[in-house]
Amino acid sequence: MSRWFWRAVHVGGSSIVVLSLAACSGPHSMLSPHSPEGRSIAATWWLMFAMAVVVYIVVTALVVIAISRRPANVPDERRHRFENRFIVVGGLALPVMILAITAIATVQVANELSPASASAEAPVQITVEGELWWWRIEYPNEHVVTANEIHVPIGQKVDIKLVSDNVIHSLWIPELNGKQDLVPGQVNHLRFTADKVGRFDGRCAEFCGIQHARMEFIVFVDSADDYRSWIADNQASAAQPTDGSGQTGQQLFETSSCAGCHTIVGTSAQGSAGPDLTHVASRKTLAAGTIDNTPERMAAWLDHTQSLKHGALMPEVDLTKQQIDALVAYLERLK
Amino acid sequence: MTIEPLLRTEPELPEPEHVWSDRPGLFGFFTTVDHKKIGIRYIVTSFTFFFIAGLMALVMRAQLAQPNSNVVSAETYNQLFTMHGTIMIFLFNTPVLFGFGNYVMPLMLGSRDMAFPRLNAFGYWVFLGSGVFMLSSFLFGAAPDGGWFAYVPLTEKSFSHGVNLDFWGLGVIFTGISTTVGAINFIASAFKLRAPGMTVNRIPLLVWAFIATAFMVIFAVPSLTTAAGLLEADRLFGTAFYRPSNGGNVLLYQHLFWFWGHPEVYILFLPATGMVTTMITVFSRHRTAGYVWVASSFIGVAFISFGVWVHHMFATGMPTQATGMFAAASFIVAIPSGIMYMCWIGTMWGGRVRFPVPMLFALGFLVIFLLGGITGVMVASLPFDLQVHDTYFVVAHFHYVLNGAVVFPIFGALYYWMPKMTGHMLNERLGKWSFWTMLIGFNVTFFPMHILGQRGMQRRIYTYDKGLGWDFLNMIVSIGSVVFAVGTGLTLLNIAIYRKRGAVAGPNPWGADTLEWSTESPPPEWNFDASPVVNSRHPLWDQQPLPYVTASDAPLTEPAEGPAGTSLRQVAVTTGFDAKGDGHFRVPEPSIAPAIVGIGLFVVFVGLLLVGAVIFWVGVVVGLAALTYWAWHCEIDKP
């Protein structure tokens, strides 16, 4: 029995260590952070992880010794005293110490991250609204509106204002910071300073209905120049179609039900229920990460929306193949 | 050790069989108030729900084994995870522990029944009714789909049009009635029905766990009832408690829910640790090290657990000053667990440990809960929680606690008390296979979830894309879940085969120390021929032979002559603190009233669900009529 038990403990213990170390890799891991905020949290984790390994090994070893040793024949009074000391030291004093260390680390990092200690005048202000099931992104100072993609400049403090007028969502970019909920009736903030140029995936973390799984977004950390030019591009009105099918597409868009929900700046389409499509062709994905943004996939989306993202609020409109091609020709040029 | 049938020999008394037996047949089935039958019903019913919810988990794991798979639709998946959690918490974990409490507690106390036997029967019928109520939603294709904690506004009428969420909201209010009456019964029984001499510092630790649990239930459940009640008011009657557009508050729901929700974790956990303490003591054959420490830890946990609920809400945007307080309380609640660990280790340290199946499950608990407890401290750390909250890291953590640290002790308890219930031992070899399969399956299922969570996999997604670094681990998890399911199935098989065919158990097959092992297996309807007299924490170890109350110990004995026309369904009542004789308690006769009131309540809830006034009032009338009959038809008041 006890040999089996030892073996089980050995295998279990070593696999815990190996698997946990493997956790630092992976494309969207909170353990490969690219912001000071993310690094503080990861450091807290590694501190707690180290203590956890020691505690786990020591307690398991005590259990194993306790079940395999032969009881010594000691007088009751001495045994009682020993047990009491054992409980006070092992069950009270040591846990209090370990918890105190954890608590101090927690308070320090929590203060660093707390909205109170972040500068309210962050140079980059973004408002994110949680929708069913996509993200409305606004840059109020720059008058830019987009969806499901956030661009931020490297090395600058970003303040994201989080609001929702439907259900609770939660904005989470594992590599940049912890998550914050978008709670109807209140305004929350998430702040971070990204320090690596690149693409970081985020997603909704609070169950928000049938397509909770398909509510993703991308954060692009740009160099200062790239960021400025992205803002400038997105401040511009939509590109005018130059070819025939594009013009047909635009006309169709403006006269059909599309315009009831979507805005394309520079046209008569001013709907606000769905994502702003002024620069839709510049985005990487459609429908909050559901599909890649290619002409073929966009055509598929227009043709059978509900089988690609069942329950999405965009209805399947009866369109002919020619109409879809015209719409795609128009939309895919809206860089 | 034989029990002297002291009072049975008195010639003028009727045979106990006549006084205690239920009526034969179906009528007897619906009228019984025997705590043992009710306890077993709780256990059987809740295990039925356990296997149903377990199958749901397997379907979910089939869906998540590979990226972008189509085993079930998004709607079905959302219903499955909602009902998996709801069933496991409300219809399995809580009632199965109440079932064991019902069965074991009066026996452990040396009593003949619970303090309120008819209330006890009522509690079971309500539990059964609420279970049927919630599960029937599948028949109408309208199972709840808002997650097991049903956050508003997603669960408000404007975002959830069907009756799905009404099944949930009304269902949890319905089960709350059962839990509450059960808790009242536990408290009254533990304080008034202990064997003479079982002073407050000799109460078995499992009973202490149930006392602490019962008090938590009484203070926590009203909060859940309020949360769900206001939700149903919003949904059915158009109030605006949780609708910000009309001045309501969304987070109010979360506060109310978790004010119950976090104590609930310990409501499940404490009885399980009580079971573990019992098994470790018995199989170390050594008195529990630090009895006072363990009992105080139970009570300490019960108090502190009411001050930690906001750690479920760290990401809702509350100020750090507030969340910091709750983080601190959440660290502190770990200390009693540390104390308990050292008490368990100390007990085993002083004794010579045997390893029958129940002890294996207790040891499995020790290695699993250790990890679940450690990750519990981690998620109490505010900044770290903001990363792993609502991810598979948390899913892993609470399965280590609620599955590992509650289900493992429950399986141990099955092997431990089943011989008392049936008179037959379960098969050891099959039990060991079951244990090891479960232990391995459990860890293969839930350990990788920690890593998935840190890699960004959030909870409650019906599918995911390829190439996120989740594919391999999800496949491992799904394989593990099958192994775990096979392990639980082996115990089911064990019970099916050996329940009646296993080796004869005898009164005390484990050489245990508490009073339930002093009577026959299975015990007679009246449990004990006379009250045992206790002068130790471990009566069957220290008191050989065990003394019983005799006719000269008035007023503890039954009166030699009952008044004409009454039965001798009586049990000694003792004082709450030092368990001195305090008169008698006449155990009520079997009655159909509890079942009818239960049916009335069921109809009331169906009426609310359908917003059908006629059905509702029919239920009210039936329930009130049966309640009136119950109150009048009371043996205690008869001359």
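Residues numbered from 1 in each chain as written. Chains lettered and ligands numbered in written order. Predicted model: local features only at pLDDT ≥ 70, side-chain atom pairs only at ≥ 80, totals over all residues.

K.L.:
Please explain the overall build of chain A as it appears in this structure.
P.N.:
Secondary structure summary: chain A contains 9 helices and 12 strands in total. For 335 residues, the compact-globule formula gives about 20 Å, and the C-alpha radius of gyration of chain A, at 27 Å, lies well above that figure. Burial analysis of chain A (335 residues in total) assigns 41% to the buried set. For chain A, the proportion of contacts with a sequence separation of at least 24, taken over those separated by at least 6, is 64%. (Helix = DSSP H or I, 4+ residues; strand = E, 2+ residues; numbered from the N terminus. Rg over C-alpha atoms; globule rule 2.2 N^0.38 Å. Buried ≥ 20, exposed ≤ 12 C-beta atoms within 10 Å, placed from the backbone. Contact = placed C-beta atoms within 7 Å.)

K.L.:
Is there a simple way to explain the overall build of chain B in this structure?
P.N.:
A count of helices and strands for chain B gives 19 helices and 2 strands. Going through the 639 residues of chain B one by one, you find that 62% of them count as buried. Taking as baseline every contact in chain B between residues at least 6 positions apart, the subset at least 24 positions apart corresponds to 79%.

K.L.:
I'm lost on the environment of Tyr400(B) in this one. Help?
P.N.:
Residue and element names in this part refer to chain B. In this fold, Tyr400 is placed in helix α14 (residues 392-422). When the C-alpha positions of Tyr400 and Gln458 are compared, they lie 18 Å apart, and in sequence the two are 58 residues distant. The residues touching Tyr400, leaving out its near neighbours within four places in the chain, are Ile368, Leu371, Gly372, Thr375, Ala405 and Phe446.

K.L.:
Mind showing me how you'd approach the pairing of strand β2 (residues 135-139) of chain A here?
P.N.:
Each regular strand carries side chains that alternate between the two faces of the sheet. Residue and element names in this part refer to chain A. The pairing of strand β1 (residues 124-130) with β2 spans 4 bridges and is classified as antiparallel. Each residue of the ladder has a partner; that of Gly130, found in β2, is Trp135. Counted along the chain from β1 to the antiparallel partner β2, the turn is 4 residues long. In this structure, β2 lies alongside strand β3 (residues 144-147), joined through 4 bridges in antiparallel fashion. Across the sheet, the residue bridging to Tyr139 is Val144, located in β3. (Pairing = 2+ DSSP bridges.)

K.L.:
Please clarify how the sheet that holds strand β10 (residues 216-222) of chain A should be interpreted in this entry.
P.N.:
The strands making up a sheet associate through hydrogen bonds between their backbones, and the pairing can be parallel or antiparallel. Residue and element names in this part refer to chain A. The strand order across the open sheet built from 5 strands is β4-β10-β9-β6-β7, with neighbouring strands paired in mixed fashion. Edge positions in the open sheet fall to β4 (149-153) and β7 (177-182), since each of these has one partner strand only. On average, adjacent strands in this sheet sit at an angle of 20 degrees to one another, irrespective of strand direction. The pairing of strand β9 (residues 198-204) with β10 spans 6 bridges and is classified as antiparallel. For Phe200, the partnering residue across the bridge sits in β10 and is Val219. Packed on one face of the sheet, helix α4 (residues 224-235) meets β4 and β10 and runs near 135 degrees to β4. (Axes fitted to C-alpha atoms, helices over the stretch in contact; angles between N-to-C directions.)

K.L.:
I would appreciate a short explanation of the interface of chain B and chain A in the present structure.
P.N.:
It is common to give the size of an interface as the accessible area lost on bringing the parts into contact. Each partner contributes residues to the interface: chain B has 73 residues there, and chain A has 73 residues. At the level of elements, α4 (74-109), α8 (250-284), α10 (320-332), α11 (334-350), α12 (357-380), α13 (382-388) and α15 (428-454) of chain B are the ones that each hand at least two residues to the side of chain B that touches chain A. For the side of chain B that touches chain A, the element with the most residues is α11(B), which contributes 12 residues. Per-class residue counts for the side of chain B that touches chain A are 44 nonpolar, 23 polar and 6 charged. (Nonpolar A, V, L, I, M, F, W, Y, C, P; charged D, E, K, R; others polar.)

K.L.:
So what exactly am I meant to see when it comes to the nonpolar core here?
P.N.:
A general tendency of soluble globular proteins is for nonpolar side chains to be buried together. Membership of the largest hydrophobic core comes to 304 residues, with the highest contact counts inside it found for Val207(B) and Ala405(B). Apart from residues lying up to four places away in sequence, Val207(B) is in contact with Met105(B), Met108(B), Leu109(B) and Ala190(B). (Core = buried A, V, L, I, M, F, W, Y, C linked by C-beta atoms within 7 Å.)

K.L.:
Just checking my understanding: could you explain the pairing of strand β1 (residues 570-574) of chain B for this structure?
P.N.:
Residues and elements named next belong to chain B. β1 sits mainly inside the fold: 4 of its 5 residues count as buried. For β1 and strand β2 (residues 581-586), the ladder comprises 4 bridges, and the chain directions are antiparallel. Residue Thr574 lies in a different strand from β2, and its bridge partner there is Gly581. Counting the residues in the hairpin turn of β1 and β2 gives 6 residues, including Ala579, whose phi is positive at 55 degrees.

K.L.:
Where do I start with the packing of helix α18 (residues 593-609) of chain B against helix α19 (residues 613-632) of chain B in this structure?
P.N.:
Working note: a packed helix pair is described by the angle between its axes plus the distance between those axes. Residues and elements named next belong to chain B. Packing of α18 against α19 leaves a shortest axis separation of 7 Å and a crossing angle of 160 degrees. Put simply, α18 runs roughly antiparallel to α19. α19 is crossed by α18, and the crossing has left-handed handedness. Packed against α18, whose contacting residues are Ala593, Ile596, Val597, Ile599, Gly600, Leu601, Val603, Val604, Val606, Gly607 and Leu608, the element α19 presents Ile615, Phe616, Val618, Gly619, Val620, Val622, Gly623, Ala626, Leu627, Tyr629 and Trp630 at the interface. Residue composition of the contact of α18 with α19, grouped by class: 18 nonpolar, 4 polar and no charged. (Parallel < 35°, antiparallel > 145°, perpendicular 65-115°, else oblique. Left-handed = near helix turned anticlockwise from the far one by under 90°.)

K.L.:
I keep staring at the sheet that holds β1(A) and nothing clicks. Help me out?
P.N.:
Residues and elements named next belong to chain A. Pairing is mixed across the open sheet formed by 5 strands, whose spatial order is β3-β2-β1-β5-β8. Of all the strands in the sheet, just β3 and β8 (188-193) have a single pairing partner and so form its edges. Neighbour to neighbour, the strand axes of the sheet diverge by 25 degrees on average, direction disregarded. When strand β5 (residues 157-164) meets β8, the two strands line up antiparallel, connected through 6 bridges. Counterpart to Leu162 in the pairing with β8 is Asn188.

K.L.:
Even after reading the chapter, I still don't get α11(B), so can you show me in this structure?
P.N.:
For an α-helix, 3.6 residues make a turn, and residues three or four places apart therefore share a direction. Helix length check: α11(B), at 17 residues, gives a terminal C-alpha distance of 25 Å against a target of 24 Å (1.5 Å per residue), a fit within 8%. Judged by how many residues are buried, α11(B) sits mostly within the fold: 16 of 17 residues are covered. (Expected span 1.5 Å × (residues − 1).)

K.L.:
Would you mind going over the environment of Met48(A) with me for this structure?
P.N.:
Along the chain, Met48(A) falls in helix α2 (residues 36-68). Residue class for Met48(A) comes out buried when judged on the 21 C-beta atoms lying within 10 Å of it. A C-alpha to C-alpha distance of 29 Å links Met48(A) and Ile160(A), two positions 112 residues apart in sequence. Residue contacts for Met48(A): discarding those within four places in its chain leaves Thr102(A), Met378(B), Ser381(B) and Phe384(B).

K.L.:
What is the right way to read the packing of helix α6 (residues 164-192) of chain B against helix α7 (residues 205-237) of chain B from this model?
P.N.:
Residue and element names in this part refer to chain B. For the pair α6 and α7, interaxial distance at closest approach is 8 Å and the crossing angle is 155 degrees. Viewed along their axes, α6 and α7 adopt a mutual orientation that is roughly antiparallel. Here the hand of the crossing between α6 and α7 comes out left-handed. Looking at side-chain class alone, the contact of α6 with α7 contains 19 nonpolar, 6 polar and 3 charged residues.

K.L.:
Where do I start with α8(B) in this structure?
P.N.:
All names here are of chain B. Over its 35 residues, α8 extends 51 Å from the first C-alpha to the last, a length consistent with the 51 Å expected when each residue adds 1.5 Å. By the largest-angle criterion, Trp258 marks the main kink of α8, which is about 30 degrees. Judged by how many residues are buried, α8 sits mostly within the fold: 32 of 35 residues are covered. The positive-phi residue at the C-terminal boundary of α8 is Arg285, with phi of around 45 degrees. (Bend = angle between axes of the 7 residues up to and from the residue.)

K.L.:
What exactly am I supposed to notice about unusual backbone geometry here?
P.N.:
Negative phi is the rule for most residues except glycine; trans is the rule for most peptide bonds. Val152(B) connects to Pro153(B) through a cis peptide bond whose omega is 0 degrees. In this fold, Pro153(B) is placed in the loop between α5 (117-135) and α6.

K.L.:
Even after reading the chapter, I still don't get the confidence of the model for chain B, so can you show me in this structure?
P.N.:
Residue and element names in this part refer to chain B. Considering every residue of chain B, the mean pLDDT works out to 91; 94% of them sit at 70 or more. Taken together, the stretch residues 1-12 has pLDDT below 50 and engages in 22 contacts with residues farther than four places along the chain or on a different chain. Across the interface, the model reports ipTM at 0.92; the global pTM reads 0.93. (pLDDT = per-residue confidence, 0-100.)

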